[in-house]
Each structure stands twice: as structure tokens, then as C-alpha cells.
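The residues making up each chain are set out below.
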Amino acid sequence: SDERPLAGLSALITAGPTQEPLDPVRYITNHSTGKMGYALAQAAKALGAEVTLVSGPVALPEPAGVNVVHVLSAEDMFEAVQRHFASADIVVMAAAVGDFRPEHADAEKIKKQGRADLTVRLVSNPDILAWMGGHRRTDGSQALCGFAMETQDLIHNAARKLLAKRCDMLVANDLREPGAGFATDTNVVTILTPAGGCGDDDDNGLPNQQVRTERLPQMPKTQLAA
Ligand code: C5P
């Protein structure tokens, strides 16, 4: 019916931060609370979709009627996402995935005794959304949406991500904008969509297409999700 336009479709949504362990006690993370991703899961469910929510560690209650998969690290999230990706008709990558992880997670607590300093080498995590862009269905039956949070050159960086990661939509928000960003219940976003198909035909890594942008007014994350 009109009230359930996503009936019969399955949605895969990611939310929250990741935790990248240093040792059994400590980890590297970010300020994501999962509010945007959880609101998206709830909205998709309300519109009739069958929803899988792959969530990093957050303090939010599980949305009713949603299949929630809890993960900690980016590598765990990547694995969980790979299991659900092929059957997902709608994919929204709202998680704030850690770009780097400690090269080694110590099996025992790192001790401070006898150390004046500590150097931790970080290595890159897999870019989950970029993997999705490379493995997405090509018949137009799978919608792929990413997010971007920046502190500078928001639209330029978001346009680059939209095309490089072969998304249908990228939701860009500026961390410094009042009413936007982490932890708030509202957001201020610009939605970017490719004006022509999707991808990088020249293989030169540069956007070679027009990007359409639509700036939305400040609104609650629940309303934005819908
Ligand atoms: O980190 P970046 O700004 O490139 O994030 C943009 C998009 O890529 C977001 O949708 C985020 O969830 C996704 N991402 C990802 N895997 C990463 C880093 C980011 O899927 N390792």
C-alpha cells in the first residue's frame, strides 16, 4: 500500500562507531552515537522494509522488529555486511567506521611501568562502502547510500566519495554546523546524487560527472531518516 512503499524490499543499514582494540582494556573509537542509523532503521521498518541493522557499540535500544547484528571493530562490521549485502535492495552506510586500527592488538594489558612513551602503529581498515560500490548489483535494483562528515570542503569531498564509492546518494554533514553532527537529535545535511549514471569511467580517480546537490533545512534525525 501507499503507507508501506518498501514492502517486499530488504534494507541493510549500518550505524554507530567502531572500536579498534589496542589491548584487552583499551580501544580507539569516535564520537558517533548511532542516532542517525537507528532512525534510518526505524524509518525503513515503518515504510514496510525488512531491515537488518549492523550496529557498532551504542547506548540505544534496539528498534522493534529489526534484525540487529552487533559488532565491535570495522573488520567485524565488514564481515557482517558482506553476509547481508547481496540480498539487500536498499543499503545505507551511516556507520562512522574507523579508518585505522592498531596494527597489533596486544593479548595482555600494555603496562606503563618502565615506559616514558608508547608508539602505536595504525594500519588502514577496509573501506566497506567502497567494497559495496565495487560489488553492487548493476541492474539498478539495489540502491546504495553513503554518508560523509567533514570539517572542511564538505561538498567537494562528498562529491568525490559519491562517485568514487559508486553510490546513488551521499548524505553530507558538516561537523562544525550548529544542529548537525554527532550526538545531536537534529541534523543539517546536503544530499548529493550523480546527475548521470554512477562510477568513474576514466579510471583516473576523479569525478567525471555532474553531481546534483540539495541542501535540506535543520530537522530531527527521525524526520530526516524518513
Ligand atoms: O570515512 P569516509 O568519510 O570516507 O566515510 C564516507 C562513507 O564511507 C560513510 O558512509 C562510511 O560509513 C563509509 N566508510 C566505510 N568504511 C570505512 C570508512 C568509511 O564504509 N573504512
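Higher on the page you've got the structure.
All values reported here derive from a predicted model rather than from experimental measurement.

Scoring rules and cut-offs
Residues numbered from 1 in each chain as written. Predicted model: local features only at pLDDT ≥ 70, side-chain atom pairs only at ≥ 80, totals over all residues. Heavy atoms only, no water. Helix = DSSP H or I, 4+ residues; strand = E, 2+ residues; numbered from the N terminus. Buried < 20%, exposed > 50% of the residue type's maximum accessible area, 1.4 Å probe, protein only. Lys, Arg positive; Asp, Glu negative; His and termini not counted. Salt bridge = Lys/Arg side-chain N within 4 Å of Asp/Glu carboxyl O. Near = heavy atom within 4 Å. Polar contact = N/O pair within 3.5 Å; in protein donor to acceptor, adjacent residues only side chain to side chain. Areas by Shrake-Rupley, 256 points an atom, 1.4 Å probe, with all protein chains shown as cover. Nonpolar A, V, L, I, M, F, W, Y, C, P; charged D, E, K, R; others polar.

Focus on the side chain of Lys221
As for its placement among the helices and strands, Lys221 is situated in helix α5 (residues 221-225). Buried Lys221, no salt bridge; nearest opposite-charge side chain is Asp185, N-O distance 6.5 Å.

Topic: the site of the ligand
Around the ligand, the surrounding shell consists of Met93, Ala95, Val97, Asp99, Pro126, Asp127, Ile128, Leu129, Gly146, Phe147, Lys161 and Lys165. Within the backbone of Met93, one N or O atom sits 2.7 Å away from an oxygen atom of the ligand. Measuring from an oxygen atom of the ligand, one finds a backbone N or O atom of Ala95 at 2.6 Å. Relative to its unbound accessible surface of 440 Å², the ligand loses 89% to contact with the protein. Counting residues per element, the ones that place at least two in the shell around the ligand are α3 (128-135) and β9 (143-150). For the shell around the ligand, the residue count by class is seven nonpolar, one polar and four charged.

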